Every structure is written in C-alpha cells, then in structure tokens.
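Summary of the model geometry
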Protein chains: 2
Amino acid sequence: MRLDKDQLAHFDEQGYIVMPELFTADEVAVMKAEIPEIFAQRRPENVCEQTSDVVRTAFATHTYNEVYRRLVRHPRILEPAEQLLGGKIYVHQFKLNAKAAFNGDVWQWHQDYGTWKRDDDMPEPRAMNLAVFLDEVNEFNAPLMIIPKSHNLGVLEAGHDLTTTSYPLWTLDNGKITELIADGGIVAPKGPPGTGFFFHGTLVHGSTANLSPWDRLIVYVSYNNCDNAIRRFKRPEYIAHRDFTPLEAMPDDCLLTVADEAAE
Amino acid sequence: MRLDKDQLAHFDEQGYIVMPELFTADEVAVMKAEIPEIFAQRRPENVCEQTSDVVRTAFATHTYNEVYRRLVRHPRILEPAEQLLGGKIYVHQFKLNAKAAFNGDVWQWHQDYGTWKRDDDMPEPRAMNLAVFLDEVNEFNAPLMIIPKSHNLGVLEAGHDLTTTSYPLWTLDNGKITELIADGGIVAPKGPPGTGFFFHGTLVHGSTANLSPWDRLIVYVSYNNCDNAIRRFKRPEYIAHRDFTPLEAMPDDCLLTVADEAAE
C-alpha cells in the first residue's frame, strides 16, 4: 500500500493523515479479542490510571502477543510509514491506550518526539505514530486532539507534568499552545473502529477526560528510522525499544490468518 | 416573551430547550465587561479550582452587581421560566461557571435538584436552570453534556464526589449513567455568546476538562417556585438563597440601560 501525492502533501503540511476504513470489522474483531486477557494482566508494561486500578496504557504488547506482533508488520501501516520516513523502520514504542469509559484521565498537550529526544536521545525527528481505533471515537469519549501544522516547529520547550498524569510526560506551556492553536486550530479525528490515523512525531496533541460510558481504545505504533536509533537507554526497554532490526512486511491478510496458523 | 407549544413539548419530553441568539452581542458585552472585576475578588462567593488559584465558580453575583441583578429579572429568561414552572419564581442559586482555558476541571454527572433536595430540603423538583453562554461554546472547550429525558426519573440515588471536584457534589454511579445514555444519548449544546439554554432541575449533566485555550464562561440562574421554597438552611446563603420574594420582570432593554441609569 502506497500513499498518493495528495496524502503525502497533506502529511507534510498538516502533520497528519486520517485513513478511514484502514482495517475491516473482521480485522478489528481479531485485535479486540486479545484485549481482555492483555488488560487483565498486572505486569510492568501495564500502567494504571492515577486514580483507579484500570489499565491506562499497555506497552509493548507486540513483543508477547502474536496478533499485535503481526499488526506492527502489517503492510497497510508499515509500508506507508516507510514511505513517510524514507527508509527501513523499527518499532520505538508500542502502546494500547485505553481511555476507559468513566476512568480515562487527561493527557496534557505534548509532542511525542520531545520525550524521545530528551529521554531516549533519538537523534532526529524522523519518527512518527500510527494510530488504529479499536473502538468508535466520537465527540464524547475524549478523542485525541491535534494541532495541525505544529510539527513544523521541531522540538518545543517543555516541562514535566507530574500532577495530572500517571506517567511522566514533557508538556508544553499554555502560552505556546495558544499561539499554535491560533495558527493551526484543533482537529479531533473521529470514526468507527478500524480507522487509521498517521501523525508526525513532533505534532502537538492531547486529550481530555472520558466521562462517557464508551471505552476509547486506540493502538499506537511509533515507528523510527533504523538509522535514527536511540542512544540513551534510561527508560525501560518495554517503553523505548532497543531492537533496531528493520521490520519486514507480512501478507495483507496476516491478521485474519492468525487463528489458522495457531491451529496448525 | 412566551415559549410556544413545540418548545413546551420539547422541554417536557427532553428536559431542555436551546434558545439561539437569546441575548444580543451588545447585551453580552455588557455582561462580560463586569467579569474581570468580579473574578479578581477573593471572597467566599468565589470558589477556586482544586489545582489552581483560578476562579471556578462565582456565586450570588446578582446580589451585589447591578448588571446581574437585572439579568435574573430579564423578561427573556424570567417569563419563560415562570411559564415552565407555572407561577411566580425566585432565584435559588446563581453562578458564573468559568471553566477557564487550560484550567477547567471535570464536573461529574449529576442532577442539580439532587443537591437542592438533599442539602436544602427543597420540597419538589419544580425548579430549573437557565444558562446563558458568555463565551462561544464549541467542541473543544468542554461544553455542558446533558442526557436528554433523564429528568423524567425524578431524583436518582447519588453519593458525594470529593476526589475530582473542588466543590462537594452529589454524583451518580456509572451503571445508572450507562443506562440513561443508552436511552437518551448525550447532547452538548454549542453556540456563540448570547445563546440561551433552559434545563430541568432533574436533568442529568456533567462536563469534562477544558484543555483548550478558550475560556468557557456560562451564567447559570436556578429558579424555583415561590411556593416550593427550601426548608433547610445548611449551606451558606450565597449558595442556597433565602429570599423567596417573587421576582418582577424588568423592561426588555434593561441590560443596555444600566450605564445610562448609573450616570444619571
């Protein structure tokens, strides 16, 4: 799968692309079927909400779960990401962000690459995120909010937010956010399960609390160029990976054949 | 000003009515001009956010500010409220809810009448809220979310939420909210400054955190029937008023003539 000229131009100018119906209902069902078992585990990779025992983020699921091992090698996300990043890539970070109904806390405005640079010493912002919605994302279950064009400014100054999130995050100050939004506005991509959403590693984003009765589970795969590997190993391996082997694409039906192959 | 048959039926069935352009830009400007001075005051009526020194709610402004003294007597809100409540009314509670940019915390799902009954011993749910937007309310500055039809069930069971709000509130449990939303959905009225929004005292509502750079200031006037006055005076007078004198409507231009009359 290749992105066309308009998609590439949109990503370049705006910092993101939304891909409706990137995965089918059957493929989403395969991915969702794994969730209860993954989220029931209490392991270091599973970080809970600050105010409850509900899993907020499950890291590194692709390292121990076959369905998600395949997802990060799926040609519908791996190939466009290679195209956007201009070369072979590996997974720098993988997370399932739950934003559970009634429990999902705020994520303050931040840039992912800000953390990758400061904490992991990733040389250049040649890294990006690929989100896949596993639940419907609507107006009320705290959609990711992005600031279009904010990726153009590179790494912005930031401080550590320790009061509102359960996970240390380099967050931006309100004056800068006001400026960025005056220029680019706010966009909150919404859509049914299976929607894909690519965004640049320096694109500023955040999300509010989820007060609705609807879970909002999103998979985030952060891809990095193999020649842009991190140089500091301060954070746990399951948060900032150290396996820089180039990923090879699997067949397009690889999510649908998991069960068959397991049965063989 | 009188509500028509369709508006009365909508309020009866759904528990709310949205009134676009209820106040003009000039009238909104008169109301907004008072805000900096009101919010700069540190007085018991002004309650701050849990995590900052930003005013979250300014109570009872109509008792000491001439513009807001007139607002609660404005025929465009007083007369429809008399019509909906079926008789002469007084102000049970008045608040300016700031939901300031970057600072506005969550309000959990609740019914206002739940508090009026439990804390103030208001005999019957013959009381309602009238909201006037003083800022634009949009998708991103934490609009009030309401559950249509939820007013039909009367007072629901509730417990005190003390963790997420800076002001004690009787909030509903997640199972009940899920049921109510399955039936009525969620609606979040939006619109420019001057939009009016009437809702029943037992309508379930809440709002999420405001991460946007846009303030979201709303005036809420809670009217109660004069023959339904509260019987317990546990909460401060500025939160649950004890002056049950029927309000008399002022002229339709009363907000625009404040300055002239002050100058005389």
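Just so you know, these numbers come straight off a predicted model, no measurement behind them.

1. Topic: the overall build of chain A
Broken down by element type, chain A carries eight helices and twelve strands. Relative to the compact-globule value of 18 Å for 264 residues, chain A shows a C-alpha radius of gyration of 17 Å, a close match. Projecting the C-alpha coordinates of chain A onto the three principal axes gives extents of approximately 60 × 40 × 35 Å. Per-residue burial over chain A gives 58% buried out of 264 residues. With an accessible surface of roughly 10,400 Å², chain A has 52% of that area assigned to carbon and sulfur atoms. Computed over 25 positive and 39 negative side-chain charges, the separation of the two mean positions in chain A equals 5 Å.

2. Points about the relation of the copies chain A and chain B
Rotating chain A by 180° about the axis while translating it 0.0 Å along that axis superimposes it on chain B, leaving an RMSD of 0.0 Å. Taken together, the rotation angle and the small translation identify this as a two-fold axis. By C-alpha distance to the rotation axis, the residue of chain A lying nearest is Ala209(A), at 3.1 Å. Here 100% of the contact residues of chain A are again contact residues in chain B; the copies associate through an equivalent surface.

3. Description of the environment of Gly86(A)
Of note, Gly86(A) is situated in the loop between helix 5 (75-85) and strand 4 (89-97). When the C-alpha atoms of Gly86(A) and Asn225(A) are compared, they prove to be 7.9 Å apart, with 139 residues separating the residues in sequence.

4. Re the pattern of salt bridges
In the structure shown here, the tally under the stated rule is 30 salt bridges over all chains. Salt-bridge contacts for Glu66(A) lead to Arg70(A); the nearest nitrogen and oxygen are separated by 2.6 Å. With Glu66(A) and Arg70(A) both in helix 4 (residues 66-71) and four residues apart, this pair spans about one turn of that helix. Assessed through its relative accessible area of 32%, Glu66(A) is described here as partly exposed. According to the relative accessible area criterion, Arg70(A) is buried, its value standing at 5%. The shortest N-O distance in the salt bridge between Arg231(B) and Asp121(B) comes to 3.2 Å. Here Arg231(B) is found in the loop between strand 12 (218-225) and helix 8 (258-263), whereas its partner Asp121(B) is found in the loop between helix 6 (112-120) and strand 6 (127-133), with 110 residues between them in sequence. What makes Arg231(B) exposed here is its relative accessible area of 54%.

Definitions and limits used
Residues numbered from 1 in each chain as written. Chains lettered and ligands numbered in written order. Predicted model: local features only at pLDDT ≥ 70, side-chain atom pairs only at ≥ 80, totals over all residues. Heavy atoms only, no water. Helix = DSSP H or I, 4+ residues; strand = E, 2+ residues; numbered from the N terminus. Rg over C-alpha atoms; globule rule 2.2 N^0.38 Å. Buried < 20%, exposed > 50% of the residue type's maximum accessible area, 1.4 Å probe, protein only. Areas by Shrake-Rupley, 256 points an atom, 1.4 Å probe, with all protein chains shown as cover. Lys, Arg positive; Asp, Glu negative; His and termini not counted. Charge placed at Lys NZ, Arg CZ, Asp CG, Glu CD. Least-squares fit on C-alpha atoms with pLDDT ≥ 70 in both. Contact = heavy atoms within 4.5 Å. Salt bridge = Lys/Arg side-chain N within 4 Å of Asp/Glu carboxyl O.

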